[in-house]
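Structure at a glance
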Amino acid sequence: VYRLALQLVRDPPTAEDVTQEAFIHAFRSLRRFRGQAKFSTWLFRITRNCAVDAIRRRERLRRMDREAVAEEEIRPDPSLRAALERAIEGLPRDLREPFVLIEVMGLTYAEASTILSVLPGTLKSRMHRARRTLVAAIEEVDADEA
Amino acid sequence: MRHDVAERAVSDHLDDALDPQRRADLDAHLATCARCREFERRARRVRELTRLQPASPVPDLVPEIMDRIGSEAPTPIRPVLPSWTRYAAAFVAGAVAATLIVAGIPGVRRGPSPVLATEIPRRIAAASNEVTAYRATFRVVERGFHPRVPRRSFLADVSFRAPERFRTQVTDLSSYPGPGWPANDITLTVDGDRWLLDQPRGCPIAALPGCAPVGRDVIGVTGRPPFDGETSLPTDIILPVRMLAGSDRVTVRGVDSVLGRDAVVVELAYRDVGPLFDFLQAGGMWRPFSPHDRVLISLDDETWFPLAFEVRAAPGEERAMWAEAHGLADEPAATMLFRAEVDRLAAGPPPGWRPFSAGPPPRDLGFRDVPAGRLEAIEPTNLRGLRPYRSGSFAGSDEVVLSYAQGLSWLVIRETRSWDGPGLFGNLGDLARRVPLPGGVAYYEPAADALGRRLAIHAEGSDLALETNLPRSDLLAIAASLPVTGGLAPAGWVDQVPVDRAVAGTPFALLPTDLPAEYRPWAARRDGPDAVTVWFRRPGTEPGPGIVLYQAAGVGLSPPLEGEVFAVRIRGTVGRYSPSRGLLEWVEGGVYRSLGGGALDLAGLLDVAKSLEPDT
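Anyway, here's the lowdown on the structure attached to this text. (Residues numbered from 1 in each chain as written. Chains lettered and ligands numbered in written order. Predicted model: local features only at pLDDT ≥ 70, side-chain atom pairs only at ≥ 80, totals over all residues. Heavy atoms only, no water.)

**Overview of the side chain of S113(A)**
Residue and element names in this part refer to chain A. As a reminder, the rule being used: Each helix corresponds to a stretch of at least 4 residues labelled H or I by DSSP, and each strand to a stretch of at least 2 residues labelled E; elements are numbered beginning at the N terminus. The cut-offs for exposure are 20% and 50% of the maximum accessible area for each residue type, with area from a 1.4 Å probe on protein chains only; residues under the lower value are buried, those over the upper are exposed, and the others partly exposed. Contact criterion: two residues are considered in contact whenever any of their non-hydrogen atoms come within 4.5 Å of each other.
Of note, S113 is situated in helix 6 (residues 109-116). S113 gets classed as buried once you look at its relative accessible area, which sits at 14%. The residues contacting S113, other than those within four sequence positions of it, are V118, L119, P120 and L123.

So, in structure tokens, the structure goes:
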């Protein structure tokens, strides 16, 4: 749960908050879990929803506090892995969520579809778009190194 | 096929979401299109970069979550221990082991000198029947708990009266930087059907942000079945019966003198001393140790009790990486990390001793004592020197339980007449193997973790499960005296098959041609048409699974599960190794393979991996 949260919010303290919220929500909602999906899928769905809330809260705060932008001015790490990390972080949420669930967490399309409430066909399309973006990002690094 | 369609097909293919016809179309396109081949290569590179990197460390959020949940609901029955505590708990046993002292020991005869490595296990097994009472105090020193607390010291006092009266009290004598550091005082008390653990809750919140506020956790149990594995007595700390009595030999390092008593020093890896260190996993906070750290145990050469034992850092780069991953300072090879030594011997408690004091409302495990004569139970005629101990049944169940004990040796027989699978009755797992009994068969599994040696018998009209800390030969002799004939388990109850049968028809499965000394194939299991697991063990050594080889066709490398994985070159490709799990994983020709089990370090696993070849 923590790793999913971290991949979605990209910030360890926020990921810790999201993890706590997810478990508290799950505990409160346990009676509503009817076993139609795997327990982990249900818990991931709650985690994803908590992460979305956290991202919204964070973005609201950032809009209010422009100084926070200064935090982002960090010299980029030129390595391939760092470039990929930055590219994943830069993906729009509708591409990053399926990429994290399927590629990073190793879930199936069916499981990701349940968590995100998105049809599997749409997920495939989004995975392709995410991959195309990330392939382009590492291509740039390869080209720079060449 | 257009390039954009081919790229989409590549993406689907990576996720196993491409039907055979589109797969064929894609293959045909890739054969002629360098641009799309390059896209596929880079997409696979993205996956590799994502999955080969170490997973981020996971903070311990359990205390905060449990605190918040606790304020909304009744306290859960069993507290969930934070991972730091679990790590640390492995060392409660260390402290307790340190507390074992030898007093009031009825005559265990002196063995010949010099002691042979192969005789020690046999002598420990023989001594176990004769130990009826102990009282001992150990001094314990632990190094490297935390940078701000580099050295801690404890006094540990242990009292024992056979078969199941036990009390150990660990008193923390250490100096801490402030009040946010809880004293590691621990008390475990057992008296037959009652079990109570009193331990510090959480860990130093001042040093570890994930820790719960300082306090105490007290867990109490009643209605406890005899020799229950989950609420166990750390009897290997008194005499290392489970740890050593089933071995075929030990490594003798020399002689020692502790408190004026002659001792034989044996050496084992930390991973092999589980019963000595892990039996009190319930409580306290202790530093972690690497599975490859060396443990030297000074065994009294008359009684075979551990008079002292110490842990020293293992050599090598792998150990250094393990230490770094656990946030520990550099610990050069042979650094003393932990030592427990007898400080005082006293007379053991008298026969009428009751160790219990008042505790919180206990949780009822549901077992009720009933005299054996009032139970319709199948009883053995050969008890190998054991005597009847407690017997009874569980409320609402037809399961009856008989137990036998003598000194530190014990045996439990559970029986039910309503078992319908889907596995064998009793706690048998991956290493269960069929063994012959007079007129029939049974299924045997070696000791592991908190479980003793186990035997399941599927007889006409009843299923029996035997569990003991006696050697395997004694267990089989007792089972042979039961008035039942064990039959073959119904299809599907036992997954294990002979190794040759498991790998037959699996061309992707390889077998090692070069195993470490004395290792033999033990059991195998088909995990569906495209996956197979094979276990290799040294038959005379317990516990632990030995070497485990898992192979699955058409499976990629899964996301890493823990923080400290690192990449290794293996069989012409790049795989990954997790020091904490002792697991080596790689994908080779579309087949996922993993080697683990805890018996070998990375160098040993790589040697086995190199020798893998198709079964001929």
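**Some points on helix 6 of chain A**
Residues and elements named next belong to chain A. Among the eight residues of helix 6, six are classified as buried, and the element is accordingly described as predominantly covered. Taken together, the buried positions of helix 6 are occupied by Y109, E111, A112, S113, I115 and L116. Positive phi appears at S117, one or two residues downstream of helix 6, with a value of about 55°.

**As for the packing of aromatic side chains**
Both the distance between ring centres and the angle between the ring planes are used here to describe each pair of aromatic rings. Residue and element names in this part refer to chain B. We count it as follows: Between rings of Phe, Tyr and Trp, where Trp is taken as its six-membered ring, a pair exists when centres lie within 6.5 Å; planes separated by under 30 degrees are stacked, by over 60 edge-to-face, and by other angles tilted. Should the NZ of a Lys or the CZ of an Arg lie within 6 Å of a ring centre and within 35 degrees of the ring normal, that charge is described as sitting over the ring.
Scanning all chains against the criterion turns up twelve aromatic pairs over all chains. Arranged with centres 4.6 Å apart and planes meeting at 45°, the rings of F154 and W286 form a pair that is tilted. Taken as a pair, F154 in strand 2 (residues 149-161) and W286 in the loop between helix 10 (274-278) and strand 9 (294-300) lie far apart in primary sequence, 132 residues in all. Comparing F154 with W286, the two get one shared label, buried. Relative to F338, the ring of F289 lies with its centre 6.0 Å away and its plane at 85°, an arrangement referred to as edge-to-face. Placement of the pair is F289 in the loop between helix 10 and strand 9 and F338 in strand 11 (residues 336-345), with a sequence separation of 49 residues. Of the residues examined, F289 reaches a relative accessible area of 5% and is grouped as buried. Site record: aromatic cluster; members linked through ring pairs are Y270, F289, F309 and F338. Sitting over the face of the ring of F289, R287 holds its NZ or CZ atom 4.9 Å from the ring centroid. One Lys or Arg, R433, reaches over the ring of W522 and ends 3.9 Å from the middle of that ring.

**Focus: the interface of chain A and chain B**
Using the following cut-off: Buried area is a sum: the accessible area each of two parts loses on coming together, probed at 1.4 Å, counted once for each and added. Salt bridge, as used here, is a side-chain nitrogen of Lys or Arg placed within 4 Å of a carboxyl oxygen of Asp or Glu. Between N or O atoms, a polar contact is any pair within 3.5 Å; within protein, one atom must be a potential hydrogen donor and the other a potential acceptor, and residues adjacent in sequence are included only when both atoms are from side chains.
Taken residue by residue, the interface counts 34 residues in chain A and 36 residues in chain B. A combined buried area of about 3200 Å² lies between chain A and chain B, and 61% of that area is made up of carbon and sulfur atoms. One can count three salt bridges joining chain A with chain B. Residues R131(A) and D15(B) are paired through a salt bridge, measuring 2.8 Å at the closest nitrogen-oxygen approach. For the pair chain A and chain B, the number of links is five residue pairs in polar contact (both at pLDDT 80 or more). Ranked by the residues each element gives to the side of chain A that touches chain B, the list is headed by helix 7 (residues 120-145) of chain A, at twelve residues.

**A word on the layout of surface pockets**
Residues and elements named next belong to chain B. Note the threshold: Buriedness of a pocket was judged along seven lines, with at least five required to meet protein on both sides within 12 Å; pockets are open sets of points on a 1 Å grid over the protein atoms alone, cavities are sets where a 1.4 Å probe fits but cannot get out, and lining residues have an atom within 4 Å of a point. Grid points are joined across faces, edges and corners, and a volume is the space filled by probe spheres set on the points. As a working rule, the residues Ala, Val, Leu, Ile, Met, Phe, Trp, Tyr, Cys and Pro are called nonpolar, Asp, Glu, Lys and Arg charged, and the rest polar, with Gly in that last group.
Empty space within the second largest pocket amounts to approximately 1100 Å³. Lining the second largest pocket we find 38 residues, and of these R47, R51, V555, G556 and L557 sit closest to its centre. Tallying contributions element by element places helix 3 (residues 34-52) first for the lining of the second largest pocket, with seven residues. A per-class count over the lining of the second largest pocket returns 15 nonpolar, eleven polar and twelve charged.

**Side note on the sheet that holds strand 3 (residues 165-172) of chain B**
Residues and elements named next belong to chain B. Our working definition: In this description, strands pair whenever DSSP reports at least two bridges between them.
Pairing in this open sheet of twelve strands is mixed, and the strands run 7-8-9-10-11-1-2-3-4-5-6-12 from one edge to the other. Edge positions in the open sheet fall to strand 7 (251-258) and strand 12 (363-364), since each of these has one partner strand only. Direction of pairing for strand 6 (residues 215-222) relative to strand 12: parallel, over a ladder of two bridges. The residue of strand 12 that forms the bridge with V221 is R363.

**Focus on the side chain of E111(A)**
Residues and elements named next belong to chain A. Mapping E111 onto the fold places it in helix 6. On the basis of relative accessibility, which here comes to 16%, the residue E111 falls in the buried class. A polar side-chain atom of E111 sits 3.0 Å from the main-chain amide nitrogen of T108. In contact with E111, not counting residues within four places along its chain, are K38 and T41.

**Section: the packing of helix 5 (residues 93-104) of chain A against helix 6 of chain A**
Residue and element names in this part refer to chain A. Note the threshold: Lines fitted to C-alpha atoms define the axes here, with helix axes fitted over just the stretch in contact, and angles between the N-to-C directions of these axes take values from 0 to 180 degrees. The cut-offs work like this: below 35 degrees is roughly parallel, past 145 is roughly antiparallel, 65 to 115 is roughly perpendicular, and the gaps in between are oblique. By definition, turning the near helix anticlockwise from the far helix through less than a right angle yields a left-handed crossing, and turning it clockwise yields a right-handed one.
Orientation of helix 5 relative to helix 6, taken along the N-to-C sense of each, is 140°, at an axis distance of 10 Å. Classed by the angle they form, the pair helix 5 and helix 6 counts as oblique. Note on packing geometry: the crossing formed by helix 5 with helix 6 is right-handed. Judged by residue contacts, E97, P98, L101 and I102 of helix 5 engage Y109, A112, I115 and L116 from helix 6. Split by residue class, the contact of helix 5 with helix 6 holds seven nonpolar, no polar and one charged.

**Notes on the packing of helix 1 (residues 2-9) of chain A against helix 5 of chain A**
Residue and element names in this part refer to chain A. Interhelical geometry of helix 1 versus helix 5 gives an angle of 145° and a closest axis separation of 10 Å. The chirality of how helix 1 crosses helix 5 is right-handed. Facing L4, Q7 and L8 of helix 1, the residues of helix 5 in contact are R96, E97, V100, L101 and V104. The residue inventory of the contact of helix 1 with helix 5, partitioned by class, reads five nonpolar, one polar and two charged.

**Digging into the pairing of strand 14 (residues 387-394) of chain B**
All names here are of chain B. Note that strand 13 (residues 367-369) and strand 14 share three bridges and pair antiparallel. The partner of D369 across the bridge, within strand 14, is G392. Note: strand 14 against strand 15 (residues 400-406), five bridges, orientation antiparallel. By the bridge assignment, S391 is partnered in strand 15 with L402. Here strand 14 hands over to strand 15 after five residues, with G396 in that stretch at a positive phi of 75°.

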